[in-house]
Amino acid sequence: MDDLDQLEAQSIFILREAYRKLRPLALLWSLGKDSNVMVWLARKAFMGRVPFPVMHVDTEKKFPEMYAFRDEYTKKWNLDLILGYCPPVEEIDPSLPPAARSAARKTAGLAKLIDERQFRGVIAGIRRDEQATRAKERVFSPRGAGHRWDVRNQPPEFWDQYATPYEDGMHIRVHPLLAWREIDIWRYIERENIPLVDLYFAKDGRRYRSLGDRDITSPVESEASTVAEVIAELETSRTSERAGRAMDHESEDAFERLRVAGYL
C-alpha cells in the first residue's frame, strides 16, 4: 500500500465506525475539495451509495459555480441533500471581528439543523494541517450541550479505538480526513479523478485555494490550471492554504472562539 492507499483505508474505516456507532448520522458537504473527497470516500465505503444524508449549511453567499456544482452532483451521486440556512449577521455575537462574525453564521445554521434533526453524529472534512486550532481535534470529537467543544477535555484515541460518549444534548463530530495534508487531497483527487468546482483552477493568474463566502474569500496568485499543476505548485509553495480567508487575518483567537462554539 502507498500513502494514499493507507489514508483511504483509514478514512473508510472511520466512516464505517461512525455509521455503526452513531445514528442518526449526517455528513457536512461544503462543496469544497475536502468535502468532495469525503463524499467520494463515503461512496467507496458503502458500495457506491452514501447511506446517510449530506448537509449543506448555506449562507446564501457562495459563488454561483458552487451552487451549480451542488445541484449537478446531488443528482449524479444520488445524495440525500439537507439544506439549512443561516441567520442574519445581526443575530451573531458582535464582539467577533467582522469576517469571523460573518463566518459564525454557519455555526448557528449548523446548530439549528443538528437540533432539529437530533443528529448524534456529524461528519466533517477538517484536516490538522489546515489550521492550528483544528490540529487539537480528535477523530471522534464530542460536542457538549449547546454544541460546545471542550478543547482541554477530549477522549484519548489509541490504536484506532474511538470513544463515542453520549449524553442528552450532545453529539459527536467525526473527522475522517484529520490525518490528510492538502497535497494528499490533491493527489487523491488526481488519482480518483474527483470532480471539483473550477474556481480551484487559475484564470488570469489567480485561483481560489480555499472556498468560502464571496465577501470573505479571496483568490491567490497562481498559474496552476490543472490538478497536476496545482500539485506541482504545492510542492514548492510556502503560502498558507487559508491565505485567502479574511477571518484568518483578524484577531489571533477568533478562529478558536468559533471552533469552541461549534464552527465547522
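Counting of residues starts from 1 at the beginning of each chain's written sequence and follows it residue by residue. Per-residue local features are limited, in this predicted model, to residues with pLDDT of at least 70; the limit for side-chain atom pairs, both in listing and counting, is 80 or more; totals at the level of whole chains, interfaces and linings are taken over all residues. Hydrogens and water molecules were not included; the side-chain quantities draw on all heavy atoms of the structure.

In the annotation of an unreviewed UniProt entry, the chain is listed under the name Sulfate adenylyltransferase subunit 2 and assigned to Brytella acorum. UniProt positions are given in the numbering used here, feature names are shortened, and annotations may be inferred rather than shown by experiment. In its Sequence similarities (unreviewed entry) section, the UniProt record describing the chain reads: "Belongs to the PAPS reductase family. CysD subfamily." We quote the UniProt Catalytic activity (unreviewed entry) comment for the chain here in full: "sulfate + ATP + H(+) = adenosine 5'-phosphosulfate + diphosphate".

Draft legend 1. View of the nonpolar core. Here, nonpolar core means buried Ala, Val, Leu, Ile, Met, Phe, Trp, Tyr and Cys residues that are tied together by side-chain atoms lying within 4.5 Å of each other. To sort residues, take the accessible area from a 1.4 Å probe on protein chains only and compare it with the maximum for the residue type: under 20% means buried, over 50% means exposed, and anything in between is partly exposed. Leu27, Trp29, Val37, Phe140 and Trp186 are the most contacted members of the largest nonpolar core, which totals 57 residues. Taken together, the elements giving at least two residues each to this core come down to helix H1 (3-21), strand E1 (25-28), helix H2 (33-45), helix H3 (64-76), strand E6 (171-174), helix H6 (182-192) and helix H7 (227-234). Comment: elements are numbered from the N terminus, with helices defined as DSSP H or I runs of at least four residues and strands as E runs of at least two. It is H2 that contributes the most residues to this core, seven residues altogether. If we skip the residues at most four places from it in the chain, tryptophan 186 touches Lys33, Leu196, Tyr200, Phe201, Arg207, Val227, Val230, Ile231 and Leu234. Between two residues, a contact is recorded if the distance between any of their heavy atoms is within 4.5 Å.

Draft legend 2. Highlighting the side chain of aspartate 213. Along the chain, aspartate 213 falls in the loop between strand E7 (206-207) and strand E8 (220-221). Setting aside residues up to four positions removed in sequence, aspartate 213 forms contacts with Thr59, Lys61, Lys62, Phe63 and Ser102.

Draft legend 3. Geometry of H7. Turning to H7, its buried residues number three or more, namely Val227, Val230, Ile231 and Leu234. One side of H7 carries all its buried residues, which in axial view fall inside an arc of 100°. Buried residues along H7 sit against H6 and E7. To be clear, the arc concerns the directions from the helix axis to the C-beta atoms.

Draft legend 4. Representation of unusual backbone geometry in the model. The omega torsion across arginine 23 and proline 24 is -10°, close enough to zero to call that bond cis. One non-glycine residue, glutamate 60, adopts positive backbone phi at about 65°. With respect to the element layout, glutamate 60 can be found in the loop between strand E2 (54-58) and H3. Located in the positive-phi region is aspartate 160, a residue other than glycine, with phi close to 60°. The exposure class assigned to aspartate 160 is partly exposed, which follows from its relative accessible area of 39%.

Draft legend 5. Up close: the packing of H1 against H2. Angles run from 0 to 180 degrees between N-to-C directions of axes, and those axes are lines fitted to C-alpha atoms, restricted for helices to the stretch in contact. In contact at an axis separation of 9 Å, H1 and H2 are set at 75° when each is read in the N-to-C sense. On the basis of their axis angle, the class for H1 and H2 is roughly perpendicular. Residue-level contacts link Glu8, Ser11, Ile12, Leu15 and Arg16 of H1 to Met38, Leu41, Ala42, Lys44 and Ala45 of H2. The cut-offs work like this: below 35 degrees is roughly parallel, past 145 is roughly antiparallel, 65 to 115 is roughly perpendicular, and the gaps in between are oblique.

Draft legend 6. Quick look at the side chain of arginine 127. Locating arginine 127 in the fold gives a position in the loop between strand E4 (121-123) and strand E5 (140-143). Its relative accessible area of 0% is what places arginine 127 among the buried residues. In terms of polar contacts, arginine 127 uses its side chain to reach the side chain of aspartate 34, at 2.8 Å. In protein, a polar contact requires one atom able to donate a hydrogen and another able to accept it; more generally it is a pair of N or O atoms within 3.5 Å, and residues adjacent in sequence count only if both atoms are side-chain atoms. Within the structure, the side chain of arginine 127 is placed 2.9 Å from the side chain of aspartate 129, a separation counted as a polar contact. Discounting residues that sit within four places of it in the chain, arginine 127 has contacts with Lys33, Asp34, Arg134, Leu177, Leu178, Trp180, Arg181, Glu182, Ile185 and Glu241.

Draft legend 7. Representation of helix H5 (residues 105-117). Expected helix span is computed as 1.5 Å times (number of residues minus one). Between the first and last C-alpha of H5 there are 19 Å, a value that for 13 residues agrees with the 18 Å anticipated at 1.5 Å per step. For H5, every residue scored as buried is listed here: Arg105, Lys106, Thr107, Gly109, Leu110, Ala111, Leu113 and Ile114. Within two residues after H5, glutamine 118 carries a phi angle of roughly 55°, on the positive side.

Draft legend 8. Inspection of the pattern of salt bridges at higher detail. What counts as a salt bridge is simple: a side-chain nitrogen of Lys or Arg found within 4 Å of a carboxyl oxygen of Asp or Glu. Under the defined criterion, the tally for this structure stands at 22 salt bridges. Via salt bridges that share partners, Asp2, Asp5, Glu8, Lys44, Arg191 and Glu192 belong to a single interconnected network.

Draft legend 9. Local environment of the UniProt feature "domain: Phosphoadenosine phosphosulphate reductase" (unreviewed entry) in the chain. The positions that UniProt labels "domain: Phosphoadenosine phosphosulphate reductase" (unreviewed entry) are, in the present scheme, residues 25-219. Here residues 25-219 is 29% helix and 14% strand, with 34 Å between the C-alpha atoms at its ends.

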